[in-house]
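Fold and geometry: a report
Okay, here's what each chain looks like letter by letter:
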Amino acid sequence: MIVNRDYIIKIKTEHVVRPTEWDFDIQGKRERLAGAIEFNAKLGNLKKEILDQYDKLRKQFPDATFREVSALLKQYYKEGELPQFSAKGFFEVLDEYITSNEGELTPRTLAKFRTLKTVLTEFIEANRKYNPLAFSMIDHNFKDAFVKHLREREPRGRQKRRPEGFQTGLLNDSITKYIQDLKNYLGWAEKRGYNHSKTYTEFNAITAANKKRQADRRDIVTLTLQELTAFYHFDLSDRPALERVRDIFCFQTFTGQRWSDVERFNKEDLDGDVWAFTAFKTKKRQEVDLTGFAAPALDILKKYDYSLPVISLQKFNDMLKDAGREAGINTPVSIKRFSGATEIETAEPKYYFMSSHMARRTCVSILLNNFGVAPSSVMEITGHTDLKTLEKYLNKDRAARREAMAKTKPVTEILSIVKAS
């Protein structure tokens, strides 16, 4: 059976014919020979039977490799019945992926893949041609349909906070994360023999033009040095829950570390004023000097007897906004995001945008803008390994830049000093 030039299945039958009796044109015994009609009829029936079984296998197990299908057909011819083929489905393998990464990935990362499963389930329910979903269906047409589904998603959660008329559809940032999570899963499945296509490696969530437009106009929100100082010293003693949240945020800001490492702080990792630990995300050794800008972090640790309060990230982010509002972090802020090529602008007081991720961004921006710390040193503090990634955390501060320029000397003054010496 020849499917194409690369895919040929050979099955040995019990039928025997001499070479001189074979007609290559009709692919059968020469018709003038005795018994040719019966002989050719048996071959014809066998061919139809094998083709029918091949089609049946392809429909029943769309993700089986050609080698697997070939082996099943040969076994079928020998035993007279189609053998059972245990093939895990797309979502069954996704569950295996999530389970196998417990302990390897952070709970937040695992939650992303559970959310991916939910979103994909919604997608196939709305697009029946992909139900049931199989690895063999994951091509560019699937990706385009999936992205379209995300861009047309009905308002829910944070979508409802957008301006009226711009609530439908996810932002490009969110769509990009979904596509990247899908690619990570498909790569894992490929290595384990479940996924047999590399098309997913070519997936991009947004066009190059939109990507450049989005990068050129990307806004981030951070606290200024003055706002951070005021927030740190603001009296929240009458609201102890908010005080704890504020202190955790400030500790994260002063140290510039990820939430996953802050929530795992261990007193045994502290040696004097040096916090040394293995970063949960990167598995790399990290050292943070709790001196200078980071010195207040040591005071926060002493305040809580070196055991930071425990709180879920979602609850932390919600309460942090309340703490920011209480402390008057209400500078008007306007940020722009994109859904496809549509620009969406959100204008709110700064406390509205406060989250754990703002802490790292604030740390990077203050160290670079206000204290002129070398980018290489900032990268060692935050654990970033790529300068472009670090730049995404930098909120350009014009006032800090002007102050830094004012501290430099004019060329004419420098020349006069050189001449005098």
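The structure we're discussing is the one just above.
Along each chain, residue indices are assigned from 1 in the same order as the chain's sequence is written. Given that this is a predicted model, residues contribute local features only at a pLDDT of at least 70 and side-chain atom pairs are listed and counted only at 80 or more, while totals for whole chains, interfaces and linings are drawn from all residues. Hydrogens and water molecules were not included; the side-chain quantities draw on all heavy atoms of the structure.

**Looking at unusual backbone geometry**
Residue N131 is joined to P132 through a cis peptide bond whose omega torsion reads 10°. The helix and strand labels rest on DSSP assignments: H or I over at least four residues marks a helix, E over at least two residues marks a strand, and numbering proceeds from the N terminus. Mapped onto the elements, P132 comes out in the loop between α4 (107–126) and α5 (140–151). A positive phi angle, close to 65°, is found at K283, a residue other than glycine. Mapped onto the elements of the fold, K283 is located in the loop between β4 (274–278) and β5 (285–289). Buried, partly exposed and exposed residues are distinguished by accessible area as a fraction of the type maximum, computed with a 1.4 Å probe on protein chains only: under 20%, between the cut-offs, and over 50%, respectively. Overall, K283 belongs to the partly exposed group, its relative accessible area being 44%.

**Observations concerning the layout of surface pockets**
Put simply, the second largest pocket is a space of about 830 Å³. Put plainly, a pocket is an open set of points on a 1 Å grid over the protein atoms alone with protein on both sides within 12 Å along at least five of seven lines, a cavity is a set where a 1.4 Å probe fits but cannot get out, and a lining residue has an atom within 4 Å of a point. Lining the second largest pocket are 21 residues, with M1, T13, Q27, L43 and K47 positioned closest to its centre. No other element matches helix α1 (residues 36–60), which puts 8 residues into the lining of the second largest pocket. A per-class count over the lining of the second largest pocket returns 13 nonpolar, 6 polar and 2 charged. Grid points are joined across faces, edges and corners, and a volume is the space filled by probe spheres set on the points. Residue classes follow a fixed rule: Ala, Val, Leu, Ile, Met, Phe, Trp, Tyr, Cys and Pro count as nonpolar, while Asp, Glu, Lys and Arg count as charged, and any other residue, Gly among them, counts as polar.

**Here we look at the packing of helix α9 (residues 240–255) against helix α13 (residues 356–369)**
Running from N to C, α9 and α13 cross one another at 35°; their axes reach a closest spacing of 7 Å. You can see that α9 and α13 cross each other, and the crossing is right-handed. Each of F249, Q252, T253 and T255 in α9 lies in contact with α13, whose residues at this interface are S356, M358, A359, T362 and C363. Along the lines of polarity and charge, the residues of the contact of α9 with α13 split into 4 nonpolar, 5 polar and no charged. Inter-axis angles, ranging from 0 to 180 degrees, are taken between N-to-C directions of lines fitted to C-alpha atoms, where helices are fitted over the stretch in contact. A clockwise turn of the near helix away from the far one marks a right-handed crossing, whereas an anticlockwise turn of less than a right angle marks a left-handed crossing. Whether two residues are in contact is decided by their heavy atoms: any pair within 4.5 Å suffices.

**Considerations on the packing of aromatic side chains**
Ring pairs (aromatic) are described by centroid distance and by the angle formed between their planes. Note on aromatic pairs: the rings of Phe, Tyr and Trp (six-membered ring only in Trp) are paired at centre separations within 6.5 Å, and the planes decide the class, stacked below 30 degrees, edge-to-face beyond 60, tilted for the rest. Under the criterion given, the structure shown has 23 aromatic pairs. Measuring from ring centre to ring centre gives 5.1 Å for Y352 and F353, while their planes differ by 85°; the resulting arrangement is edge-to-face. On the basis of relative accessibility, which here comes to 23%, the residue Y352 falls in the partly exposed class. Taken together through their ring pairs, the aromatic side chains of F90, F91, Y97, F113, F135, Y185, W188 and Y194 make up a single cluster. A ring has a charge above it when a Lys NZ or an Arg CZ is no more than 6 Å from the ring centre and no more than 35 degrees off the ring normal. Geometry around F280 places R264 over its ring, the cationic atom sitting 3.8 Å from the centre. We note K283 situated over the ring of F280; from NZ or CZ to the ring centre the distance is 4.3 Å.

**Things to note about the pairing of β5**
Covered by surrounding structure in β5 are Q286 and V288 only, the residues R285, E287 and D289 on the alternate face being uncovered. By the convention used here, strands pair only if DSSP detects at least 2 bridges between them. Both β4 and β5 contribute to a ladder of 5 bridges, which runs antiparallel. Residue pairing across strands places W275 opposite V288, the latter belonging to β5.

**Here we look at helix α3 (residues 90–100)**
Along α3, the residues classified as buried are F90, F91, V93, L94, Y97 and I98. Each buried residue of α3 sits inside an arc of 155° when the element is viewed along its axis, so together they form one side. Against α4 and α6 (172–191) lie the buried residues of α3. The directions from the helix axis to the C-beta atoms form the arc being described.

**Side note on helix α12 (residues 313–326)**
When the terminal C-alpha atoms of α12 are compared, their 20 Å separation across 14 residues agrees well with the 20 Å that a helix rising 1.5 Å per residue should span. Of all the positions in α12, only L313, F316, N317, M319, L320, K321, A323 and G324 are classed as buried. Against α4, α8 (225–233), α9, α10 (259–262) and α13 lie the buried residues of α12. Looking one or two places after α12, you find G328, whose phi comes out positive at around 75°. By this rule, a helix spans an expected 1.5 Å times one less than how many residues it contains.

**Re the pattern of salt bridges**
If charged atoms from side chains of opposite charge come close, those side chains can pair. We define a salt bridge as a side-chain nitrogen of Lys or Arg found within 4 Å of a carboxyl oxygen belonging to Asp or Glu. For the structure shown, the criterion picks out 17 salt bridges. Here E21 makes a salt bridge to K29, at a shortest N to O gap of 4.0 Å. Between K143 and D144 there is a salt bridge, and its shortest N-O distance comes to 3.2 Å. The exposure class of D144 is partly exposed, given its relative accessible area of 42%. Salt bridges linked by common partners bring E243, R246, D247 and K303 together as one network.

**Regarding the nonpolar core**
Throughout, nonpolar core names a set of buried Ala, Val, Leu, Ile, Met, Phe, Trp, Tyr and Cys residues whose side chains join them through atoms within 4.5 Å. Counting residues in hydrophobic clusters, the biggest one holds 51 residues, and the most contacted among them are F231, F249, F251, L290, F316 and M354. Take this core: its biggest share by element is 7 residues, from α9. Setting aside its immediate chain neighbours within four residues, F249 contacts L223, F231, F316, L320, M354, S355, M358 and A359.

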